[in-house]
Amino acid sequence: MSDALKLELDVALDEALDSEARNNEKVVAWTRIIVLGLTNVVGLLTHETVAGMQWWEGMQGRMMLVWLAAGFGTLALLRVTWHRAFSYVIPLVDGLALLAVLVNGREVLMGTVHPAWTAPVAAAVCALLMVVGAIRLRVGATVFSCIAGLGIYVAVMWPYTTPNHFTSTAAMVGLAGVVAWLTFITRKLARARRTRGMLSRFLPDSVVDAAHDDPLALLTQARSADVTVLFTDIRGFTTWSESRSPTEVMTMLNNVQGALAGEVARRGGTVDKFLGDGMLAFFEGPEHADRAVDTAVACIRVAGTFKDLKVGVGLQSGEVVIGCLGQQRLEFTVLGDTVNTASRLESMTKELGVPILAGDGVAKRSKRKLDLVAEVSIRGKAAKMQVYSRSIDPM
């Protein structure tokens, strides 16, 4: 099951990254068209001269026009289709065009005396090619863009050995490392987001949020934990529902169970499942018994806001096994004697005349004031257990 889910996750991640990369490439295509278009328009309207020739007569101007045409072609292609090879082909075309423009205009830019600002300007243009590689969201494509940017800069600037040249080269090498690292982090975050979305189909959000190193292990590896289990049951709901329509019954169940689940979530608990008119939840972590007791009190108060309905709550603390059951269809659950005991305590609340009944495990862990009710026999247990209740102050 784990291998199948990982494969599904990898496919979903690739599809998401491809879609995002395609959208990013469209933005870059429009930016390329606008920048090159403005450059050519300014050159034509102002009769810019390069090496004594009009803009459209010089090789550099013509290359810029060809590059602009390639930009339109790239945008048209992206609107129709997408292939991962585009992440390499597009920066290759940009790199070759940039190399041609820079090499052709090198002497014009440099002049007979090398200006101090030429190396940083050339580095900035090549660095832009490297940074744009990050939006392709693939480490290979990013590394390719970084190598292309560095290679073009070295090819253009190799005849010159100035302090700015070496400083710019060092800065670009550092930039290449940063860009590759950002791409790696972006992919990692995207995978985490996709993993969370997949796990949310099987697991409660609170459980997914608590996973860090290997979230997928939650689906295949059960774990033990010390928790407090909370069981609720709507008293007399079967009798109440007999005189109502199915729609009315379902509406009431949704309202009541939604309110009870909200109290669980508000105190950091996890709803395992709804069992018709019952609910199974658990609390783990710091002060889990106290939070469970507080939730039980809140559930009783919430139930009092619904006419003719009362709720019984059973609590027990102890070790449970938390994991997923099933193969083709997974179900998240908690298992163990603690769960069974909490369920049986809930069923005894009506018999003992209390809304909340907590086992000895809760009494040992909770700092809340609990009142001893009785010593009772629990089905399946040889020894009797002292059970407790919690007084509920009027609101």
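Residues numbered from 1 in each chain as written. Predicted model: local features only at pLDDT ≥ 70, side-chain atom pairs only at ≥ 80, totals over all residues. Heavy atoms only, no water.

Caption draft 1: Representation of the overall build of the protein in the model. In terms of helices and strands, the protein carries 13 helices and 10 strands. Every one of the 395 residues in the protein was classed for burial, and the buried ones make up 44%. A fraction of 69% describes how many contacts in the protein between residues 6 or more apart in sequence connect residues 24 or more apart. Within the structure as shown, the protein displays about 20,600 Å² of accessible surface, and the carbon and sulfur contribution to it stands at 61%. (Helix = DSSP H or I, 4+ residues; strand = E, 2+ residues; numbered from the N terminus. Buried < 20%, exposed > 50% of the residue type's maximum accessible area, 1.4 Å probe, protein only. Contact = heavy atoms within 4.5 Å. Areas by Shrake-Rupley, 256 points an atom, 1.4 Å probe, with all protein chains shown as cover.)

Caption draft 2: View of the side chain of Ser 87. Considering the arrangement of structural elements, one finds Ser 87 in helix α3 (residues 86–110). Taking the relative accessible area as the measure of exposure, Ser 87 reaches 2% and is therefore buried. Every residue in contact with Ser 87, bar those within four places of it in the chain, is listed here: Trp 82, Arg 136 and Ala 141.

Caption draft 3: Summary view of helix α11 (residues 288–303). For α11, built from 16 residues, the straight-helix expectation of 22 Å at 1.5 Å per residue is met to within 8% by its first-to-last C-alpha distance of 22 Å. A large share of α11 lies buried, amounting to 14 of its 16 residues. (Expected span 1.5 Å × (residues − 1).)

Caption draft 4: Representation of the packing of helix α10 (residues 246–266) against α11 within the structure. One way to put it is that α10 packs onto α11 with a least axis distance of 9 Å and a crossing angle of 155 degrees. Taken as axis vectors, α10 and α11 run roughly antiparallel relative to one another. Both α10 and α11 take part in a crossing whose hand is right-handed. Mapping the contact onto sequence places Ala 259, Leu 260, Glu 263 and Val 264 in α10 and Thr 295, Ala 298, Cys 299 and Val 302 in α11. Split by residue class, the contact of α10 with α11 holds six nonpolar, one polar and one charged. (Axes fitted to C-alpha atoms, helices over the stretch in contact; angles between N-to-C directions. Parallel < 35°, antiparallel > 145°, perpendicular 65-115°, else oblique. Left-handed = near helix turned anticlockwise from the far one by under 90°. Nonpolar A, V, L, I, M, F, W, Y, C, P; charged D, E, K, R; others polar.)

Caption draft 5: Region of interest: the pairing of strand β3 (residues 223–235). Relative to strand β6 (residues 310–325), β3 runs antiparallel, the two being bridged by 13 bridges. Across the sheet, Leu 230 pairs through a bridge with Leu 315, a residue of β6. As paired strands, β3 and strand β5 (residues 278–284) are joined by seven bridges and run antiparallel to one another. Counterpart to Thr 228 in the pairing with β5 is Phe 283. (Pairing = 2+ DSSP bridges.)

Caption draft 6: Quick peek at the packing of aromatic side chains. The tally for this structure, following the rule as stated, stands at three aromatic pairs. When the centroid spacing of 5.8 Å and the interplanar angle of 70 degrees are considered together, the rings of Tyr 88 and Phe 144 count as edge-to-face. Highlighted residues: Tyr 88 in helix α3 and Phe 144 in helix α5 (residues 139–157), separated in sequence by 56 residues. Look at Phe 237 and Trp 240: their rings are 5.4 Å apart centre to centre, the planes differ by 25 degrees, and that puts the pair in the stacked class. Remark: Trp 240 and Phe 237 occur in helix α9 (residues 237–242); sequence separation between them is three residues, near one turn of the helix. The two residues Phe 237 and Trp 240 agree in class, both being buried. (Phe/Tyr/Trp six-rings, centres within 6.5 Å; stacked < 30°, edge-to-face > 60°.)

Caption draft 7: Region of interest: the pattern of salt bridges. Applying the stated criterion across every chain, the model contains 14 salt bridges. The residue Asp 290 makes a salt bridge to Arg 368 at a minimum N-O spacing of 3.7 Å. Of this pair, Asp 290 sits in helix α11 while Arg 368 sits in the loop between α13 (360–365) and β9 (371–376), and the two are 78 residues apart along the sequence. Judged by relative accessible area, Asp 290 falls into the buried class, the value being 3%. (Salt bridge = Lys/Arg side-chain N within 4 Å of Asp/Glu carboxyl O.)

Caption draft 8: Seen up close, the confidence of the model for the protein. This prediction gives the protein a mean pLDDT of 80; 79% of its residues lie at or above 70. The least confident element of the protein is strand β1 (residues 49–50), whose mean pLDDT is 48; the most confident is strand β8 (residues 356–358), at 95. Confidence over residues 49–53 falls short of pLDDT 50; this stretch has seven contacts with residues more than four positions distant or in other chains. (pLDDT = per-residue confidence, 0-100.)

Caption draft 9: Representation of a nonpolar patch on the surface within the structure. A surface patch of nonpolar side chains, about 350 Å² in accessible area, is lined by Val 139, Val 143, Ile 147 and Phe 184. Examining the composition of the nonpolar patch, we find that three residues originate from one element, α5, more than from any other. By the element assignment, Phe 184 lies in helix α6 (residues 163–199). (Patch = residues over 30% accessible without salt bridge, like charges linked within 9 Å, V, L, I, M, F, W, Y side chains within 5 Å.)

Caption draft 10: Inspection of α10 at higher detail. Spanning 21 residues, α10 covers 30 Å between terminal C-alpha atoms, matching the ideal 30 Å at 1.5 Å per step. Buried residues of α10: Val 249, Met 252, Leu 253, Val 256, Gln 257, Leu 260, Ala 261, Glu 263 and Val 264, and no others. An end-on view of α10 places all buried positions within 155 degrees of arc, on one side of the element. Across α10 from its buried face, at more than 90 degrees, point the exposed residues Thr 247, Ala 265 and Arg 266. Count one or two residues on from α10 and you reach Gly 268, which has phi positive near 80 degrees. (Arc of directions from axis to C-beta.)

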